[in-house]
Amino acid sequence: MAEDSEMVVVPGADGNFGVLAGHAPMISTVRPGVIDVYSRRPQVAHRVFVAGGFAEVTPDRCTVLAEEAIAVGDLNAAAVDQEISDLADDLAEAKTEAERAAVERALEVARAKRLALAS
Amino acid sequence: MPSLKDLRNRISSVKSTQKITSAMKMVAASKLKRAQEQAEAGRPYAERMNRMLVGLSSSLGPGGQGPKLMTGTGSTQTHLLVPITSDRGLCGGFNSSIVRETRRRIQALQAEGKTVKLFCVGRKGRDVLRREYSSLIVESMTDIGRPRLSFADANEIRDKLLARYEAGEFDVCSVIFNRFVSAISQKVEIPQLIPVQMPETGSAATAGDGGKQAADDPRKRAPYEFEPSEEEILAELLPRNLAVQIFRALLESAASEQGARMTAMDSATRNAGDMINDLTLQYNRTRQAMITKELIEIISGAEAL
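Residues numbered from 1 in each chain as written. Chains lettered and ligands numbered in written order. Predicted model: local features only at pLDDT ≥ 70, side-chain atom pairs only at ≥ 80, totals over all residues. Heavy atoms only, no water.

## Regarding the overall build of chain A
Next, step 1: Of regular secondary structure, chain A possesses two helices and six strands.
Next, step 2: Listing each helix as α and each strand as β along chain A from the N terminus yields β-β-β-β-β-β-α-α.
Next, step 3: When the backbone C-alpha atoms are referred to their principal axes, chain A occupies close to 50 × 30 × 20 Å.
Next, step 4: Per-residue burial for chain A yields a buried fraction of 41% across its 119 residues. (Helix = DSSP H or I, 4+ residues; strand = E, 2+ residues; numbered from the N terminus. Buried < 20%, exposed > 50% of the residue type's maximum accessible area, 1.4 Å probe, protein only.)

## What to know about the confidence of the model for chain A
Should pLDDT be low for a region, the predicted coordinates there are not to be read in detail.
Next, step 1: Residues with a pLDDT of 70 or more make up 95% of chain A, whose mean pLDDT is 80.
Next, step 2: Across chain A, element-level confidence peaks in strand β2 (residues 15–20) of chain A with a mean pLDDT of 84 and bottoms out in helix α2 (residues 97–118) of chain A with 79. (pLDDT = per-residue confidence, 0-100.)

## Remarks on the pairing of strand β3 (residues 26–40) of chain A
Next, step 1: β3 of chain A sits mainly inside the fold: twelve of its 15 residues count as buried.
Next, step 2: Where β3 of chain A and strand β7 (residues 225–227) of chain B come together, three bridges link them in parallel fashion. The partner of S28 of chain A across the bridge, within β7 of chain B, is E227 of chain B.
Next, step 3: Sheet topology places β3 of chain A next to strand β4 (residues 43–58) of chain A; 13 bridges connect them, and they run antiparallel. When the sheet's bridge partners are listed, Y38 of chain A is paired in β4 of chain A with V44 of chain A. (Pairing = 2+ DSSP bridges.)

## What about the pairing of strand β2 (residues 115–121) of chain B?
All names here are of chain B.
Next, step 1: Counted residue by residue, β2 has five buried out of seven residues, so it is predominantly covered.
Next, step 2: After leaving strand β1 (residues 78–83), the chain enters helix α3 (residues 94–111) and then returns to the sheet as β2, a path that is right-handed.
Next, step 3: With four bridges joining them, β2 and strand β3 (residues 137–141) adopt parallel strand pairing. Paired with F119 across the two strands is E139, which belongs to β3.
Next, step 4: A crossover connection joins β2 to the parallel β3 through helix α4 (residues 123–133); in handedness this β-α-β unit is right-handed. (Right-handed = clockwise from strand over helix to strand, strands pointing away.)

## Structural notes on the packing of aromatic side chains
Residue and element names in this part refer to chain B.
Next, step 1: Across all of its chains, the model carries two aromatic pairs over all chains by this definition.
Next, step 2: Their ring planes at 45 degrees and their centres at 5.4 Å tell us that Y165 and F170 sit as a pair that is tilted.
Next, step 3: Judged by relative accessible area, which is 0%, Y165 ranks as buried.
Next, step 4: Classification of F170 by relative accessible area gives buried; the value is 2%. (Phe/Tyr/Trp six-rings, centres within 6.5 Å; stacked < 30°, edge-to-face > 60°.)

## Some thoughts on the domain arrangement of chain A
Many structure descriptions define interface size as the accessible area lost when the parts assemble.
All names here are of chain A.
Next, step 1: Parsing chain A into structural domains produces domain 1 (7–72) and domain 2 (76–118).
Next, step 2: The straight-line distance from the C-alpha centre of domain 1 to that of domain 2 is 24 Å.
Next, step 3: Between domain 1 and domain 2, the residue contacts involve nine residues of the former and six residues of the latter.
Next, step 4: Taken together, the two surfaces of domain 1 and domain 2 that pack against each other cover about 520 Å², and 76% of this comes from carbon and sulfur.
Next, step 5: Viewed at the interface, domain 2 and domain 1 are joined by zero residue pairs in polar contact (both at pLDDT 80 or more).
Next, step 6: Sorting the residues of the side of domain 1 that touches domain 2 by element identifies β3 and β4 as the ones contributing at least two each.
Next, step 7: Of the residues assigned to the side of domain 1 that touches domain 2, the class counts are six nonpolar, one polar and two charged. (Domains from an automatic or database assignment. Contact = heavy atoms within 4.5 Å. Buried area = accessible area lost by both parts, 1.4 Å probe. Polar contact = N/O pair within 3.5 Å; in protein donor to acceptor, adjacent residues only side chain to side chain. Nonpolar A, V, L, I, M, F, W, Y, C, P; charged D, E, K, R; others polar.)

## Observations concerning the nonpolar core
All names here are of chain B.
Next, step 1: In this structure, I157 and L250 are the most contacted members of the largest nonpolar core, which totals 48 residues.
Next, step 2: Elements with a contribution of two residues or more to this core: α1 (4–60), α2 (68–71), β1, β2, α5 (151–166), β4 (172–182), β6 (192–194) and α7 (230–304).
Next, step 3: A total of twelve residues in this core trace back to one element, the largest contributor, which is α7.
Next, step 4: If near-sequence neighbours (up to four positions away) are discounted, L250 is found in contact with I84, V121, I144, L149, D153, A154 and I157.
Next, step 5: Of all hydrophobic cores here, the second largest spans 14 residues; its members include I98, V99, C120 and I190. (Core = buried A, V, L, I, M, F, W, Y, C linked by side-chain atoms within 4.5 Å.)

Put into structure tokens, the structure is as follows:
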């Protein structure tokens, strides 16, 4: 997805940051959360949920390489709740350390989805 | 001279072969469309990833201390080659061109006195390479991307590679795959994955279109800021980049396979058509000759009376 926009708000690992044209070059990791794209402030044109990734900011562009991207409008509250309870069950059953870490990561993403719907 | 019955049998067997090849061609054509879309959708992502890495490495500066994935182990003694082939045959020169390139690479590296190891992806390549280089194959994977190629497949390969790299089993890793150009043409490429090679310093293969993108050069601009820190970003970005590059190679290879199969089956169908024409002609001639012969026999028999 690519488009012209006035401002983008990206959920960085150390907190959300907004990017306007002419922003200093920056690379940041992205935590699971929602990207707000403003085509003209103060109206939000799109809200996209991403499950983490990387953002590269240059003065004339902002690129987000996401692991998973879903428009917030396409998220389904019931499905997300189901996912969270399934993952919680998995977590209780996880045996090895690696398994537990993988489930915890997935759970974090699912919780971020829930938050995205609530906001 | 084959009898009429033999000819009839041959014609019907060629006809049924033709039915099979033309069906395979149709299937490959429809799979090709999907695979091609996937492969082309994956390209921009891989390019951006590359550009970001270039930005990162340029800000690290020459001789900078980076993670092992970026700087290498300091030696180039042991090479790991990852030839990506298909699990099924009947796709023209698709697999043999990969095997040929792999063989050439192995011989070149061995001539330099390096140790070579092989990680075969795909059944066909493994089967052929096992005949000559069975001692070099350290691992092989088959049935990748069945029923559908997903990022998890690339992650699996990545994890296996990283485990071996961490264990110090190899110093340099290159992947050999067919890049999809069009349905009738595939190009073998050998990009180096570990340590990460920058498009500018890389071979022509890695420079590809990633190099062109990097031409609007992030190096000339102000250095990047990092959030949280360079090390943390690199620690996450490098393995991810590895998976993305592997995924891209798998996608390209899948599209190439279908393209190659479609072309191969198309020409097989056409050959079968030619063969049927020839055989039918021969069948008719033989039949006519027999009728003429019988007539002559009857006539000369009648004349003799």
